[in-house]
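Residue strings, one per chain:
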Amino acid sequence: MKFTKMHGCGNDYVYVDCTKEVIPNISETAIRVSDRHFGIGSDGLILIKASDVADFEMDMYNADGSRGKMCGNGIRCVAKYVYDHGLTDKTTITVNTLSGIKTLKLTVEDGKVSKVRVDMGEPELIPAQVPVKASVLGLADDRREAIVAEPLEIKGRSYDITCVSMGNPHCITFIGEDVRDFPLEAVGTVFEKHELFPERVNTEFINVIDKDHLRMRVWERGSGETLACGTGACAVAVASYLNGFTGRSVDIELLGGHLEVVYDEKTNHVFMTGPATEVFSGEIDL
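So, here's what we can say about the structure.

1. A look at the overall build of the protein chain
Inference 1: Looking only at helices and strands, the protein chain features 4 helices and 18 strands.
Inference 2: In summary, the protein chain has a C-alpha radius of gyration of 18 Å against a globular reference of 19 Å for 286 residues, a match within 12%.
Inference 3: Each principal axis of the C-alpha distribution contributes one length, and for the protein chain these read about 50 × 40 × 35 Å.
Inference 4: Of all 286 residues assigned to the protein chain, the portion counted as buried reaches 54%.
Inference 5: Counted over contacts in the protein chain with a minimum sequence separation of 6, partners at least 24 positions apart contribute 60%.
Inference 6: Of the roughly 12100 Å² of accessible surface on the protein chain, a fraction of 46% belongs to carbon and sulfur atoms.
Inference 7: A gap of 2 Å separates the mean positions of the 30 positive and 44 negative side-chain charges of the protein chain.

What follows is the structure, given as structure tokens:
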């Protein structure tokens, strides 16, 4: 299998051009290539495919072999791959995902894509659609209001949580201590598998630096801690606005870099801009 290793802010995936390659046993392949000791090493596997409804299709798998609906950092790298490798010459493209068709605008410098702006669509706030079992929080399961700053006890500590889906379910909590010193591994897995989240959940732990800047660490379902999460950054921007911490435009500092996120009030869409980087290409015997 021919592959290309790419990352967006350190959120790294193995990319395969499935207009040329056929991958058997995709979940098993994702687990194998993601292993950082016995494989290539990545947060997962992303397949780039032809599409009847968009310019391309992205099929994404987590490091544990589970299938993901959407990956914000991953889709920026898809855009870079298809342009840099000559699959398209367009600087605005559409990519079909399990969470719908996304439109991407490419910034090209010296013939290569340097950054990508993605229309990530509308945030989903209705609990049942995130999904979140509102009754676990003592709320009605048919609740139509967003879950904003609701208390949830994890390992003897109360966290105020806000729940948002950007194609993937996210639970966001704003904490007072420096997130860089937070015991994420011990707490993140408890959030991920909590009964509140029937499809598991990605959890973001946030410091508010000021009204324009946030600092974020993320625990991703199926992958553990990653250096960045694009859908998570978008969910965080929405949650921060709903909690009154920031405006609709914010710079988010992740372990792997910065993402610019705008929550547009006219369209109710979230726009994310960030880098995409190719690391190396190779072949692996499956």
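2. Thoughts on the pattern of salt bridges
Inference 1: Throughout the structure, instances matching the rule amount to 16 salt bridges.
Inference 2: For Arg67, the salt bridge goes to Asp59, with nearest N and O atoms at 2.9 Å.
Inference 3: Connected through shared salt-bridge partners, Lys5, Asp12, Arg36 and Asp43 make up one network.

3. Points about helix 1 (residues 26-34)
Inference 1: Those residues of helix 1 not exposed but buried are Thr29, Ala30, Val33 and Ser34. For helix 1, the buried positions fall inside an angular range of 120° around the axis, keeping them on one side.
Inference 2: In this structure, the buried residues of helix 1 make contact with strand 2 (11-17), strand 3 (44-49) and strand 4 (56-62).

4. Details of the packing of aromatic side chains
Inference 1: As enumerated under the stated definition, the model contains 9 aromatic pairs in all.
Inference 2: Ring centres 6.4 Å apart and planes at 75° place the aromatic pair Tyr159 and Phe205 in the edge-to-face group. Of the two residues, Tyr159 is situated in strand 10 (residues 157-165) and Phe205 in strand 12 (residues 202-210); the sequence distance between them amounts to 46 residues. Neither residue differs from the other here; Tyr159 and Phe205 are each classed as buried.
Inference 3: Here the aromatic residues Tyr159, Phe182, Phe191 and Phe205 are joined through ring pairs into a cluster of three or more.
Inference 4: The positively charged end of Arg248 is found above the aromatic ring belonging to Tyr263, 4.7 Å away from the centroid.

5. Quick word on the pairing of strand 4
Inference 1: Counting buried positions over the 7 residues of strand 4 gives 6, a clear majority of the element.
Inference 2: Inspection of the sheet shows strand 3 paired to strand 4 by 6 bridges, in the antiparallel sense. The residue bridging Leu45 from the neighbouring strand is Tyr61, located in strand 4.
Inference 3: Here strand 3 hands over to strand 4 after 6 residues, the two strands then running antiparallel side by side.
Inference 4: As paired elements, strand 4 and strand 5 (residues 67-68) share 2 bridges and run antiparallel to each other. Bridge pairing links Tyr61 to Arg67 in strand 5.
Inference 5: Connecting strand 4 to the antiparallel partner strand 5 that follows it, the hairpin turn spans 4 residues, and Gly65 within it adopts a positive phi of roughly 90°.

6. Quick notes on the pairing of strand 11 (residues 169-174)
Inference 1: Strand 11 sits mainly inside the fold: 6 of its 6 residues count as buried.
Inference 2: Both faces of strand 11 are covered, namely the face carrying Pro169, Cys171 and Thr173 and the face carrying His170, Ile172 and Phe174.
Inference 3: Sheet topology places strand 10 next to strand 11; 5 bridges connect them, and they run antiparallel. Within strand 11, the position partnered with Thr162 by the bridge is Ile172.

7. Here we look at unusual backbone geometry
The phi angle of most residues is negative, glycine excepted, and most peptide bonds adopt the trans form.
Inference 1: Cis geometry marks the peptide bond from Val130 to Pro131, where omega comes out at 0°.
Inference 2: On the secondary structure map, Pro131 appears in the loop between strand 8 (112-119) and strand 9 (150-154).
Inference 3: Located in the positive-phi region is Asn25, a residue other than glycine, with phi close to 50°.
Inference 4: Exposure remark for Asn25: the relative accessible area of 53% places this residue in the exposed category.
Inference 5: Of note, the phi angle at Lys155 is positive, near 50°, even though the residue is not glycine.
Inference 6: In this structure Lys155 comes out as exposed when scored by relative accessible area, which is 61%.

8. Regarding the side chain of Thr231
Inference 1: Tracing the chain through its elements places Thr231 in helix 4 (residues 230-242).
Inference 2: One polar contact links Thr231 to His170, side chain to side chain, over a distance of 2.9 Å.
Inference 3: Once you skip the residues sitting within four places of it in the chain, Thr231 turns out to touch Met70, Cys71, Gly72, Met120, Met166, Asn168 and His170.

Scoring rules and cut-offs
- Residues numbered from 1 in each chain as written.
- Predicted model: local features only at pLDDT ≥ 70, side-chain atom pairs only at ≥ 80, totals over all residues.
- Heavy atoms only, no water.
- Helix = DSSP H or I, 4+ residues; strand = E, 2+ residues; numbered from the N terminus.
- Rg over C-alpha atoms; globule rule 2.2 N^0.38 Å.
- Buried < 20%, exposed > 50% of the residue type's maximum accessible area, 1.4 Å probe, protein only.
- Contact = heavy atoms within 4.5 Å.
- Areas by Shrake-Rupley, 256 points an atom, 1.4 Å probe, with all protein chains shown as cover.
- Lys, Arg positive; Asp, Glu negative; His and termini not counted.
- Charge placed at Lys NZ, Arg CZ, Asp CG, Glu CD.
- Salt bridge = Lys/Arg side-chain N within 4 Å of Asp/Glu carboxyl O.
- Arc of directions from axis to C-beta.
- Phe/Tyr/Trp six-rings, centres within 6.5 Å; stacked < 30°, edge-to-face > 60°.
- Lys NZ or Arg CZ within 6 Å of the ring centre and 35° of its normal.
- Pairing = 2+ DSSP bridges.
- Polar contact = N/O pair within 3.5 Å; in protein donor to acceptor, adjacent residues only side chain to side chain.

These values are about where atoms sit, not about what they do.
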